[in-house]
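Architecture at a glance
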Amino acid sequence: MISAEQHALLLTGDEQAWFELISEYEGRIYGYLYRLEGNSENALDLTQEVFYRAWRSFGAFQAGQRFLPWLYTVARNTQIESHRRKQHARFSLDQAHEEIGYEVPSEAHSPVRAAESADARDRVQRALMGLPDDYREAVVLRFMEDLPYEEIAQIQGVALGTAKSRVYRAKEQLAELLREQVH
């Protein structure tokens, strides 16, 4: 939640306030976009664009409103517009896999366990990329970003029941895609 004082500073364009805000949220936005894009370079570019757009449109953000859902909405719209603008095909992780850019917590204590953990993350990412865009976004927001269904519905601009349905169907399809990878 953004305090009234922080909101006022951000509205005036205070550089330190913006630096603190970006520092606090850039990892989450990057992770969200990486999971949607499957490519770290695209995710980095989009993350920069998201914060630029947030800065430009911050006047539309209401004091007292939850900031994170608003920022996810900016990120979602930026990602959708980017694809409309470029109208490019998505790359598979096999074609364009790069480092995530931050260390993913792991309980791996040996190189073998670390490799197994990395392989599991790659399999999940490949499976995520096989989901329809709306389903992928819904499951990422629910299970990787840990947002409640109400905020998912708000971000995706759909009814609460639709958000719940998308998460449920995405889980089913994701499980099937992961089973197919094993065989």
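Note: the structure precedes this text.
One pass over the full model with this rule turns up 10 salt bridges. With its nearest N and O atoms 2.9 Å apart, the salt bridge here joins Glu-176 to Arg-179. Of this pair, Glu-176 and Arg-179 both sit in helix α9 (residues 160–182), three residues apart, which is roughly one turn of the helix. Using a relative accessible area of 35% as the deciding quantity, one classes Glu-176 as partly exposed. Exposure remark for Arg-179: the relative accessible area of 47% places this residue in the partly exposed category. Salt bridges sharing common partners tie together Arg-76, Asp-134, Glu-137 and Arg-166.

Packed helix pairs are specified by the crossing angle of their axes together with the interaxial distance, meaning the distance between the axes. Where helix α7 (residues 133–144) contacts α9, the two axes come as close as 8 Å, and the packing angle between them is 100°. Regarding the angle of α7 to α9, the classification is roughly perpendicular. The residues of α9 that touch α7, namely those facing Asp-134, Tyr-135, Ala-138, Val-139, Arg-142 and Phe-143, are Arg-166, Val-167, Arg-169, Ala-170, Lys-171 and Gln-173. Each residue belonging to the contact of α7 with α9 can be placed in one class, and the counts come to six nonpolar, one polar and five charged.

In the structure shown here, the tally under the stated rule is 11 aromatic pairs. Between Phe-67 and Trp-70, the aromatic rings sit 5.7 Å apart at their centres with planes inclined by 40°, giving tilted as the arrangement. Highlighted residues: Phe-67 and Trp-70, both in helix α4 (residues 67–86), separated by three residues, approximately one helical turn. Above the plane of the ring of Tyr-149 lies Arg-142, whose end atom (NZ or CZ) is 4.4 Å from the centre.

Of the positions making up helix α1 (residues 4–11), those classed as buried are Gln-6, His-7 and Leu-10. Along α1, the residues classed as buried sweep out an arc of 100° about the axis, all on the same side. Residues of α1 that are exposed and point more than 90 degrees away from the buried face comprise Ala-4 and Glu-5. Buried residues along α1 sit in contact with α2 (15–37).

Below, the discussion takes up the side chain of His-7. Position of His-7 among the secondary structure elements: in helix α1. Leave out the neighbours within four places in its chain, and His-7 touches Ile-2, Phe-58, Phe-61, Gln-62 and Ala-63.

Here is what the cut-offs are and how they apply
Residues numbered from 1 in each chain as written. Predicted model: local features only at pLDDT ≥ 70, side-chain atom pairs only at ≥ 80, totals over all residues. Heavy atoms only, no water. Salt bridge = Lys/Arg side-chain N within 4 Å of Asp/Glu carboxyl O. Helix = DSSP H or I, 4+ residues; strand = E, 2+ residues; numbered from the N terminus. Buried < 20%, exposed > 50% of the residue type's maximum accessible area, 1.4 Å probe, protein only. Axes fitted to C-alpha atoms, helices over the stretch in contact; angles between N-to-C directions. Parallel < 35°, antiparallel > 145°, perpendicular 65-115°, else oblique. Contact = heavy atoms within 4.5 Å. Nonpolar A, V, L, I, M, F, W, Y, C, P; charged D, E, K, R; others polar. Phe/Tyr/Trp six-rings, centres within 6.5 Å; stacked < 30°, edge-to-face > 60°. Lys NZ or Arg CZ within 6 Å of the ring centre and 35° of its normal. Arc of directions from axis to C-beta.

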